[in-house]
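Each chain, letter by letter, is given below.
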Amino acid sequence: MQTTAQSNLESRIKQNEYTGRGIVIGRDFQGRWIQMYWLSGRSSNSHNRRLIAKNSDLHVQTLKPEIERPDLLVYCAMRESGKRYIVSNGLHTDAIWESVQAGGTVQAGLQNFQYEDDEPHFTPRIAGYLDCTESEALLMLVILKKQPQSLTTLRQFFFYDDVPLNYGYCLTTYQKNGNPLASFEGEPFLVPLSGDANSILKHYWQALHPTTKIALAIKTIDSQNPSCLFIENRY
């Protein structure tokens with residue numbers, strides 16, 4: 001497991017020039033849950049952003065007010081509904097939150113969403129959901145992406161109920177750099193989560209490609225204390 005996780009980190013993140021946006025959910029060495037989200041980009045428009053905390057929420061904020069496609073680039077990336085924790089790469093964070101807050105499901109919150117309308121890339125919408133209301137937490141990772149030969153949306157939901165300490169599952173929007181960009185393929189992959197939150201933040205910030213990385217955030221979650229956000233911004 002350790003070899004697989006480290007190999008995935010090296011080949012799919014560290015040696016990957018462009019992952020797009022990324023989500024990791026897993027557990028640290030003490031059993032606390034970790035939610036991670038990062039921004040990376042290729043254009044000056046994408047780089048005109050940073051991550052900020054507003055109480056327990058994580059928001060994508062512009063550095064300068066002028067930005068193209070704010071509907072795709074400015075949003076709340078992390079929210080909480082009781083002991084349910086949401087992370088995503090777009091406005092669907094709020095839609096999932098509204099559904100869960102009203103007693104609904106993640107699937108219901110996403111029913112009016114598909115992949116992003118940024119042709120030719122058709123960027124996938126990704127999301128992570130952690131439900132800690134029961135003694136055994138439930139982890140879900142989601143990707144909505146364009147079907148290869150049509151405009152229909154492929155909706156994939158991955159569920160995990162037994163996540164080992166020091167590991168997490170990762171989902172990114174893209175496979176690698178290219179034009180057009182290829183959407184993520186396959187199942188979320190295992191990655192290491194070694195050390196405390198600051199160590200994990202530092203390790204992944206160093207792993208992200210130096211020319212495309214923009215911002216990275218980690219939220220720690222345990223049953224005894226309020227969640228805590230740790231953020232690293234390039235700008």
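Not measured: the values here are computed from a predicted model. (Residues numbered from 1 in each chain as written. Predicted model: local features only at pLDDT ≥ 70, side-chain atom pairs only at ≥ 80, totals over all residues. Heavy atoms only, no water.)

Just give me the short version of the packing of aromatic side chains, but keep the residues and values in it.
As enumerated under the stated definition, the model contains four aromatic pairs in all. For the ring pair Y18 and Y174, a centre distance of 5.4 Å and an interplane angle of 40 degrees mean the geometry is tilted. Of this pair, Y18 sits in the loop between α1 (2-14) and β1 (22-27) while Y174 sits in the loop between β10 (167-172) and β11 (189-192), and the two are 156 residues apart along the sequence. An angle of 20 degrees between the planes, with centres 6.2 Å apart, marks the rings of F184 and F189 as stacked. When its relative accessible area of 4% is taken as the criterion, F189 is described as buried. Sitting over the face of the ring of W33, R27 holds its NZ or CZ atom 5.8 Å from the ring centroid. (Phe/Tyr/Trp six-rings, centres within 6.5 Å; stacked < 30°, edge-to-face > 60°. Helix = DSSP H or I, 4+ residues; strand = E, 2+ residues; numbered from the N terminus. Buried < 20%, exposed > 50% of the residue type's maximum accessible area, 1.4 Å probe, protein only. Lys NZ or Arg CZ within 6 Å of the ring centre and 35° of its normal.)

Which residues make up the sheet that holds β1, and what are the values?
Taken in spatial order, the six strands line up as β11-β10-β1-β2-β12-β13 in an open sheet, and their pairing is antiparallel. Both outer strands of the open sheet, β11 and β13 (228-233), are each paired with one neighbouring strand and no more. Strand-to-strand twist of the sheet, defined as the mean angle between neighbouring strand axes without regard to direction, takes the value 20 degrees. Inspection of the sheet shows strand β12 (residues 213-221) paired to β13 by six bridges, in the antiparallel sense. Within β13, the position partnered with K219 by the bridge is L229. In the packing of α1 onto the sheet, contacts are made with β2 (33-40), β10 and β11, and the angle to β11 comes to roughly 100 degrees. In this fold helix α6 (residues 197-207) packs onto β2, β11, β12 and β13, with an angle of close to 155 degrees to the strand it touches most, β12. (Pairing = 2+ DSSP bridges. Axes fitted to C-alpha atoms, helices over the stretch in contact; angles between N-to-C directions. Contact = heavy atoms within 4.5 Å.)

Outline the layout of surface pockets, supporting the account with residue identities and numerical values.
Roughly 390 Å³ of volume is contained in the largest pocket. Forming the walls of the largest pocket are 20 residues, and the residues nearest its centre are S43, S46, L73, D118 and H121. Going through the elements one at a time, α2 (44-47) and α3 (70-73) are the ones with two or more residues in the lining of the largest pocket. Here the lining of the largest pocket is composed, by residue class, of six nonpolar, six polar and eight charged. Taken as a whole, the second largest pocket spans an internal volume of roughly 320 Å³. In this structure, the second largest pocket is lined by 17 residues; those nearest its centre are W33, C132, E134, S135 and A137. Grouping the amino acids of the lining of the second largest pocket by side-chain chemistry returns six nonpolar, four polar and seven charged. (1 Å grid on protein atoms, 1.4 Å probe; cavity = no way out; pocket = protein on both sides within 12 Å on 5 of 7 lines; lining within 4 Å. Points joined across faces, edges and corners; volume = space filled by probe spheres on them. Nonpolar A, V, L, I, M, F, W, Y, C, P; charged D, E, K, R; others polar.)

Help me get a handle on the pattern of salt bridges, residues and values and all.
Following the criterion strictly, the structure yields seven salt bridges and no others. Of the charged contacts, one joins K14 and E10 as a salt bridge, the two residues approaching to 4.0 Å between their closest N and O atoms. A residue pair is termed a helical-turn pair when its members lie 3 or 4 positions apart in one helix, as K14 and E10 do in helix α1 at four residues. D28 is the partner of R32 in a salt bridge, and the nearest nitrogen-oxygen pair spans 2.8 Å. On the basis of relative accessible area, R32 is assigned to the partly exposed category, the value being 22%. Overlapping salt bridges bring together R69, D71 and D117 as one network. (Salt bridge = Lys/Arg side-chain N within 4 Å of Asp/Glu carboxyl O.)

Could you give an account of unusual backbone geometry, naming the residues involved and the relevant values?
Cis geometry is found at the peptide bond from E119 to P120, where omega equals 15 degrees. Positionally, P120 belongs in the loop between α5 (106-109) and β7 (125-131). Omega for the peptide link from N179 to P180 comes to 5 degrees, which places this bond in the cis form. Structurally, P180 can be placed in the loop between β10 and β11.

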